[in-house]
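# A structural walkthrough
Below are the chains, spelled out letter by letter.
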Amino acid sequence: MTTPATAPAAAIHPSILNCDIAHLAEELARIEGADGVHVDVMDNHFVPNLSWGLPVVEAVVAHTSLPVDAHLMIEDPDRWGPAYAEAGCQIVTAHSEALVAPVRLARELHRLGAGAGIALRPSTPLEAVEDVLGEFDLLLIMTVEPGFGGQAFIESMLPKIERARRLVGRRGLELRIQVDGGISAGTIERAAQAGAEVFVAGSAVYGAQDALAAIEQLRALARAHAH
Ligand SMILES: O=C(CO)[C@H](O)[C@H](O)COP(=O)(O)O
Ligand SMILES: [Co+2]
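This structure is a prediction, so every number in the text was calculated from the model and none was measured.

Turning our eyes to something else, we now look at the coordination of the cobalt ion (ligand 2). Bound to the cobalt ion (ligand 2) on the protein side are H38 (NE2), D40 (OD), H71 (ND1) and D180 (OD), at distances that span 2.0 to 2.2 Å. Around the cobalt ion (ligand 2), the 6 donor atoms sit at angles spanning 71 to 172°, and that spread fits a shape best called octahedral. Of note, the cobalt ion (ligand 2) draws all its donor residues from one chain, in the sequence arrangement H-x1-D-x30-H-x108-D. Pair noted here: H38 is in strand β2 (residues 37-42) and D180 is in strand β7 (residues 176-180), with a separation of 142 residues, a long-range link. Judged by its relative accessible area of 0%, H38 falls in the buried class. Given a relative accessible area of 8%, D180 falls into the buried group.

Attention now goes to the UniProt feature "binding site: a divalent metal cation" (unreviewed entry) in the protein. As recorded in UniProt, the feature "binding site: a divalent metal cation" (unreviewed entry) lies at H38, D40, H71 and D180. Spanning 143 residues, the annotated positions come together in the fold, the maximum distance between their C-alpha atoms being 10.5 Å. Lining residues of the largest pocket drawn from the annotated set just named are D40, H71 and D180. Sequence-distant contacts of H38, defined by excluding residues within four places in its chain, comprise H13, P14, S15, I16, D69, H71, Q178, D180 and V200. By relative accessible area, which is 4% here, D40 ends up buried. The residues touching D40, leaving out its near neighbours within four places in the chain, are S15, L17, S51, W52, H71, M73 and D180. In terms of polar contacts, D40 uses its side chain to reach the side chain of H38, at 2.9 Å.

Thresholds, definitions, all that
Residues numbered from 1 in each chain as written. Chains lettered and ligands numbered in written order. Predicted model: local features only at pLDDT ≥ 70, side-chain atom pairs only at ≥ 80, totals over all residues. Heavy atoms only, no water. Donors = N, O, S within 2.8 Å, 3.2 Å for Na, K, Ca; no water. Tetrahedral: all angles 85-135°; square planar, octahedral: opposite > 155°, others 65-115°. Helix = DSSP H or I, 4+ residues; strand = E, 2+ residues; numbered from the N terminus. Buried < 20%, exposed > 50% of the residue type's maximum accessible area, 1.4 Å probe, protein only. UniProt positions renumbered as here; feature names shortened; annotations may be inferred. 1 Å grid on protein atoms, 1.4 Å probe; cavity = no way out; pocket = protein on both sides within 12 Å on 5 of 7 lines; lining within 4 Å. Contact = heavy atoms within 4.5 Å. Polar contact = N/O pair within 3.5 Å; in protein donor to acceptor, adjacent residues only side chain to side chain.

Now the structure itself:
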């Protein structure tokens, strides 16, 4: 995976959750120029919604030149996570609330050549993952309740992002902070200011007439407020 030293300070990863899935290849072509593609896998158990699984993720990998970032909102990510690395995802992120053996999964993902991410629901405190962060490449701080696109950014997550940024600095961790949910031109500056570096944006990109222009605008706003 891209190392923090070479990764852009403000990376935009459009989420394809609400794209036109019947025209997946064309929808992926619209975002060539982003820094990655965020693919939301939902199982209707960990979250009350069902999206897609491995076959669709394999199709995404096959039809984009961008790094694929898989966000697993599923039960038993310990079991299913490695298959997403084998499918060619650059980074596989599992929810801390569902993980049984986070360190083991992170090491397995690394062995398979992928980066490892760990995600927090809005109600899960940073302390829940503090001890294992050294094993991970990405910390995903959810800024909406996982399950659906198009929700409003939860402002009260900003102090959590700030604390995560301070923790990363204090411990000298090689860990990027990703935010996901409600990221738009109206919210990205505050998330960047708080210390996020990788921004997932679904509606703000796919809801725009010109997806690339939306990506560029988001990136410029994030860069202007980057740490
Ligand atoms: O993980 C997610 C939902 O659980 C999605 O990545 C997220 O909601 C993106 O959509 P939007 O930018 O519209 O909020
Ligand atoms: Co997501």
